[in-house]
Protein chains: 4
Amino acid sequence: MAVGTRGGSGSTARSAPLSPATPADRADGPAADAETVPRRLLSAATRLFAEKGFDRTSVQEIVDAAGVTKGAMYHYFASKDDLLAEVYERILRMQMTRLEEIAASEGPVADRLGRAAADVVVSTIANLDDATIFFRSMHQLSAAKQREVRADRRRYHELFRSLITEGQREGVFAARVPADLVVDFYFGSVHHLSTWYRADGALTPDEIGAHYARLLLDALRPAPAHP
Amino acid sequence: MAVGTRGGSGSTARSAPLSPATPADRADGPAADAETVPRRLLSAATRLFAEKGFDRTSVQEIVDAAGVTKGAMYHYFASKDDLLAEVYERILRMQMTRLEEIAASEGPVADRLGRAAADVVVSTIANLDDATIFFRSMHQLSAAKQREVRADRRRYHELFRSLITEGQREGVFAARVPADLVVDFYFGSVHHLSTWYRADGALTPDEIGAHYARLLLDALRPAPAHP
Amino acid sequence: MAVGTRGGSGSTARSAPLSPATPADRADGPAADAETVPRRLLSAATRLFAEKGFDRTSVQEIVDAAGVTKGAMYHYFASKDDLLAEVYERILRMQMTRLEEIAASEGPVADRLGRAAADVVVSTIANLDDATIFFRSMHQLSAAKQREVRADRRRYHELFRSLITEGQREGVFAARVPADLVVDFYFGSVHHLSTWYRADGALTPDEIGAHYARLLLDALRPAPAHP
Amino acid sequence: MAVGTRGGSGSTARSAPLSPATPADRADGPAADAETVPRRLLSAATRLFAEKGFDRTSVQEIVDAAGVTKGAMYHYFASKDDLLAEVYERILRMQMTRLEEIAASEGPVADRLGRAAADVVVSTIANLDDATIFFRSMHQLSAAKQREVRADRRRYHELFRSLITEGQREGVFAARVPADLVVDFYFGSVHHLSTWYRADGALTPDEIGAHYARLLLDALRPAPAHP
DNA sequence: TATGAATGAGCGTTCATTCAT
DNA sequence: TATGAATGAACGCTCATTCAT
């Protein structure tokens, strides 16, 4: 990731090490200042991409927000696109880790699915900028990167789906609707959170997570179908 | 709407009449050619905005695709933004009309909600470009236009929600989850269709609509809660 | 030539018409001002490319020298490269025309070759900027354009060579050295003029042309070889 | 030469010693690896400058090709310009040495001129990259360096010319054309080799050298002028 | 000797929009 | 109604060079 794609240059714009051995940890600055340049760029970019969209955010704005110069940015990232690609990397890695933990945990499958469903809501709300970027800016990635992201996404969906099929095999979930359609159905709802959730809304993230999980589990209830 | 926001004269770039009394209906051309200039621009813009995104589509590309010149475009539309605003107008008008018809029709509320839920899926798939633009390009509208679109959207959601609350009052739908949360939940799924639906997929639009409606109705089933 | 290579744009950066039907011929300005924008750009570019080299000449400098804006330049030329390509076009066209006239004229072949040889010197000196650009900036053209230029160049050389082979067949020129090597030999000398000729030198262009032609004809003299 | 032109200290970026007492000759590597850093830089630069032109070659590419870092380059060379100046140094030194040897050798002047003329062709072909750079990149040198190179070049030309005037004085060469014009004429042909010579061509470098020398000597033949 | 992060000025190019015709 | 030349500001990106280590 973030590997330079430029011609012969072997020393610039390579993968950005987020925690280099720079003298950033010296005791002479607050934590914020001590953050590495790539990290500062990534978080500035995340905020701005979510706020104004990828195309409307200029490299100049990003580097100004991060307090560095353009040259520094291009030292760490091959391009503006690369910055977006790194944001995606981070999002996908984080979500996959959480889901894997829950899926691998103990307990009845309905419990695990419920927890996964609620958790993805809570963590999406906790990283609303990421979610905004994720579902709005995918088409601005390079075709190659899009394929990669979609492949990662598919692995994520498949793990989630495996919880549903497991429950369907056990008979605790209905099989009225194909499991993969249920997955798309649910993640649509989750991605959509970024368009309506407001921190000052009536419900807490946990409450919304609980409601969403409830809706999913209820929709999968094996009881007699609606009249 | 589509009214120019520019300082000066009010004589150009007014709201674009889609069926003006232009010499477009003369008997000298087939129907396709006879389409009015604003319409051709609007459909070219819709296709291109969906394909490449608003910011990545240049005015030159739009007018080339529509077979007109820039001057002509600026004669009918105040700006590129105005073109996007018009696309939104059209989408919203279309969806609202359909929902209003179904909501006002006869029959039990579960029937009407089920039909509305399935119909919005089918019509979203039938206009996937519109849906793509809708959920991806809202932030490129002017702030004023965004407020307007959101207000329209809210009216739409409220009509949909009224079907749910009607059922909850009647007791045919559970009230475990607040009705407006259910609406956001469902329309997230619907908007998401544009990111995964493929015409060559295993399910027809009608089947997907039926499944989605089923999931919604099942989630609202008043039966004993999930253990 | 100078045809825009950009995506969908059908109306910008097309072949630059050097004498458009613009109101440039109105009697309200001196001849210099009345020159068309593309022509002004082309002559500014020629001068600057010869003076500082292609890569060291910025688009800004060109448009400043031509008294127009960048946007105007990109309206007429697809790129800075296209500007260079147009300069080449002009050079090649001019030289080919002159040679064709001389080659097709009456008289003994030695006369015609002598006239052609002298004329190419005189016209190269008359357009030293062109010559400087020609032999120094070819590698900055696109690969496709380079092929095109080389093909034109080859046609030019072949016409010149045909005069030599005609004389060799008639026996008025020696055939000690292959005709195409003679052509490369001679045009090397001619291109080199741009690196040493100074207007304040001891010899006039005509004198230099006469001397060069003399050297060529003497080198081709069929007399007994040098001892 | 290669002296830093920067304001500050004179301690870094001095003239690059090509065979320094660096630990390069240690027995731990083959000859290729043992080449000194400045030499590796110079040969990488020569190749790249000839291939892509001076302005299109970045310092990064040079140091990558030489397998060193930027800091190392700036340790040995004051600037990128200095690297080019050094390349010129090397070329001029080499050619001057060869010509001096031939000019100082025994034998009739026609022999010596013929050998010099053929040798400069062969050695130019043997170092085509040098020749390409020489006639294409002179204007990228600093004004001071250009003067210096031109002075060296003039000395070279004057030595070559002295062979011609010697022959003219002896009567073995015609004096129809001024000797210095003959020199410019001939070296134009020689420099031009880099634009058309191909290793897979029909003639060997020796054959081309012989032909070129022949053309020069024939052009100087004192026999009766062409009718 | 050597590193490589960082600078900062400048580059070629794009593009929504205007306006005389 | 419609044209298309022209504007001008902004864009993503490059790169020779510096300097603390």
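Quick caveat, the model's predicted, so the values are computed rather than measured.

> Just checking my understanding: could you explain the overall build of chain A for this structure?
What chain A contains, in helices and strands, is 10 helices and zero strands. Moving toward the C terminus, one meets the helices and strands of chain A in the order α-α-α-α-α-α-α-α-α-α. Within chain A, residue pairs in contact and separated by at least 24 positions form 66% of the contacts whose partners lie at least 6 positions apart. About 10,200 Å² of surface is accessible on chain A, with carbon and sulfur atoms providing 53% of the total.

> How do you make sense of helix H6 (residues 109-126) of chain A when you look at a structure like this?
The periodicity of an α-helix, 3.6 residues per turn, causes residues three or four positions apart to be oriented the same way. With 18 residues, H6 of chain A extends 25 Å from end C-alpha to end C-alpha; this agrees with the ideal 26 Å at 1.5 Å per step. Counted residue by residue, H6 of chain A has 14 buried out of 18 residues, so it is predominantly covered.

> Even after reading the chapter, I still don't get the interface of chain A and chain B, so can you show me in this structure?
Often, the extent of an interface is quoted as the loss of accessible area upon association of its parts. Each partner contributes residues to the interface: chain A has 39 residues there, and chain B has 40 residues. Of the roughly 3,900 Å² buried where chain A meets chain B, counting both sides, 62% is carbon and sulfur surface. The salt bridge partner of Asp 55 of chain A is Arg 56 of chain B, with a shortest N-O separation of 3.1 Å. Here chain A and chain B share 10 residue pairs in polar contact (both at pLDDT 80 or more) between them. Mapped onto the side of chain A that touches chain B, the elements with two or more residues apiece are helix H7 (128-137), helix H9 (179-196) and helix H10 (205-219) of chain A. Looking at the side of chain A that touches chain B element by element, the count peaks at 11 residues for H9 of chain A.

> Even after reading the chapter, I still don't get the environment of Pro 38 of chain D, so can you show me in this structure?
Residues and elements named next belong to chain D. Relative to the assigned elements, Pro 38 resides in helix H2 (residues 37-52). Residue classification places Pro 38 among the buried positions, given a relative accessible area of 0%. Between the C-alpha atom of Pro 38 and that of Leu 83, which follows or precedes it by 45 residues, the distance is 9.5 Å.

> How should I be thinking about the packing of helix H6 (residues 109-126) of chain B against helix H10 (residues 205-219) of chain B in this particular structure?
Angle between the axes and distance between the axes are the two parameters that describe a pair of packed helices. Residue and element names in this part refer to chain B. Following both chains from N to C, one finds H6 and H10 inclined at 140°, their axes separated by 8 Å at the closest point. By the angle between their directions, the pair H6 and H10 is classed as oblique. In this structure, the crossing between H6 and H10 has a hand that is right-handed. Together, Ala 110, Leu 113, Gly 114, Ala 117, Ala 118, Val 121, Val 122 and Ile 125 of H6 and Pro 205, Asp 206, Ile 208, Gly 209, Ala 210, Tyr 212, Ala 213, Leu 216 and Leu 217 of H10 make up the contact between the two elements.

> Please explain the packing of aromatic side chains as it appears in this structure.
Pairs of aromatic rings are described using the distance from one ring centre to the other and the angle between the two planes. In this structure the tally under the stated criterion is 40 aromatic pairs over all chains. Summarising the aromatic geometry, the rings of Phe 135 of chain A and Phe 135 of chain B are spaced 5.3 Å apart at their centres and angled 35° between planes, so their arrangement reads as tilted. Here Phe 135 of chain A is found in helix H7, whereas its partner Phe 135 of chain B is found in helix H7 (residues 128-137) on a different chain. Across the pair, Phe 135 of chain B and Phe 135 of chain A agree in class, each one buried. Just above the ring of Phe 187 of chain B sits the side chain of Arg 153 of chain B; from NZ or CZ to the centre is 5.6 Å.

> Before we go on, may I ask you to explain the relation of the copies chain A and chain B in this structure?
The pair of chain copies shares a relation made of a rotation about an axis and a shift along it. Between chain A and chain B, the superposition needs a rotation of 180° and an axial shift of 0.1 Å, giving an RMSD of 0.2 Å. Interpreted geometrically, this transformation is the action of a two-fold axis. If distances are taken from each C-alpha of chain A to the rotation axis, the shortest is found for Ala 219 of chain A, at 2.0 Å. An overlap of 97% is found between the interface residues of chain A and their copies at the interface of chain B, pointing to a shared contact surface.

> Explain the packing of helix H2 (residues 37-52) of chain C against helix H5 (residues 80-103) of chain C here, please?
Residue and element names in this part refer to chain C. Here H2 crosses H5 at 90°, and the two axes come no closer than 10 Å. Overall, the two elements H2 and H5 adopt an arrangement that is roughly perpendicular. When H2 is examined against H5, the residues Leu 42, Ala 45, Thr 46 and Phe 49 are found in contact with a partner set consisting of Lys 80, Leu 83, Leu 84, Glu 86, Val 87 and Arg 90.

> Whenever I open this one, the UniProt feature "DNA-binding region" (unreviewed entry) in chain A confuses me. Can you help?
The UniProt entry lists residues 58-77 of chain A under the feature "DNA-binding region" (unreviewed entry), expressed in the numbering used here. Segment residues 58-77 of chain A splits into 75% helix and 0% strand. End C-alpha atoms: 15 Å apart.

> Mind showing me how you'd approach the side chain of Asp 130 of chain B here?
Residue and element names in this part refer to chain B. Tracing the backbone through its elements, the reader meets Asp 130 in helix H7. With relative accessibility at 5%, the residue Asp 130 sits in the buried group. Discounting chain neighbours no more than four positions away, the residues touching Asp 130 are Thr 46, Arg 90, Ile 91 and Met 94.

> Please explain the pattern of salt bridges as it appears in this structure.
For side chains of opposite charge, pairing can occur when their charged atoms come near one another. Residue and element names in this part refer to chain B. Applying the stated criterion across every chain yields a total of 44 salt bridges over all chains. The partner of Glu 89 in a salt bridge is Arg 93, with the nearest N and O atoms 3.7 Å apart. Separated by four residues within a single helix, Glu 89 and Arg 93 lie in helix H5 (residues 80-103), roughly one turn from each other. Residue Arg 93 is classed as partly exposed on the basis of its relative accessible area, which comes to 45%.

Calculation criteria
- Within any chain, residue numbers begin from 1 and follow the written order of that chain's sequence.
- Whichever chain is written first becomes A and whichever ligand is written first becomes 1, with later ones labelled in order.
- pLDDT decides what is reported in this predicted model: residues at 70 or higher carry local features, side-chain atom pairs at 80 or more are listed and counted, and totals for whole chains, interfaces and linings draw on all residues regardless.
- Values reported for side chains reflect all heavy atoms of the structure, with hydrogen atoms and water molecules removed beforehand.
- Secondary structure elements follow DSSP: runs of H or I of four or more residues count as helices, runs of E of two or more count as strands, with numbering from the N terminus.
- We call two residues in contact when some of their heavy atoms are within 4.5 Å.
- Using a 1.4 Å probe, accessible areas were evaluated by the Shrake-Rupley method; residue-level cover was limited to the displayed protein chains.
- Between the first and last residue of a helix there are one fewer steps than residues, each counted as 1.5 Å, and that sum is the expected span.
- Relative accessibility under 20% of the residue-type maximum defines a buried residue, over 50% an exposed one, and the middle range a partly exposed one, all with a 1.4 Å probe and only protein chains included.
- Throughout, the accessible surface (probe 1.4 Å) given up by two parts as they are put together, summed over both, is called the buried area.
- Every case where a carboxyl oxygen of Asp or Glu lies within 4 Å of a side-chain nitrogen of Lys or Arg is listed as a salt bridge.
- Contacts described as polar in this section are N or O atom pairs within 3.5 Å, which, within protein, must combine one atom able to donate a hydrogen with one able to accept it, while residues neighboring in sequence count only if both atoms come from side chains.
- Axis angles are defined between N-to-C directions and span 0 to 180 degrees, where every axis is a line fitted to C-alpha atoms and, for a helix, only to the segment in contact.
- For classification purposes, angles smaller than 35 degrees are called roughly parallel, those larger than 145 roughly antiparallel, those between 65 and 115 roughly perpendicular, and all remaining angles oblique.
- Crossings are sorted by hand: turned counterclockwise from the far helix by less than a right angle, the near helix makes the crossing left-handed, and turned clockwise it makes it right-handed.
- Ring pairs are drawn from Phe, Tyr and Trp, using the six-membered ring of Trp, whenever the two centres fall within 6.5 Å, and their geometry is named by plane angle: stacked under 30 degrees, edge-to-face over 60, tilted for the rest.
- Whether a charge sits over a ring comes down to the Lys NZ or Arg CZ being within 6 Å of the ring centre and within 35 degrees of the ring normal.
- Residues reaching a pLDDT of at least 70 in both copies supply the C-alpha atoms on which the copies are superposed by least squares.
- UniProt positions are given in the numbering used here, feature names are shortened, and annotations may be inferred rather than shown by experiment.

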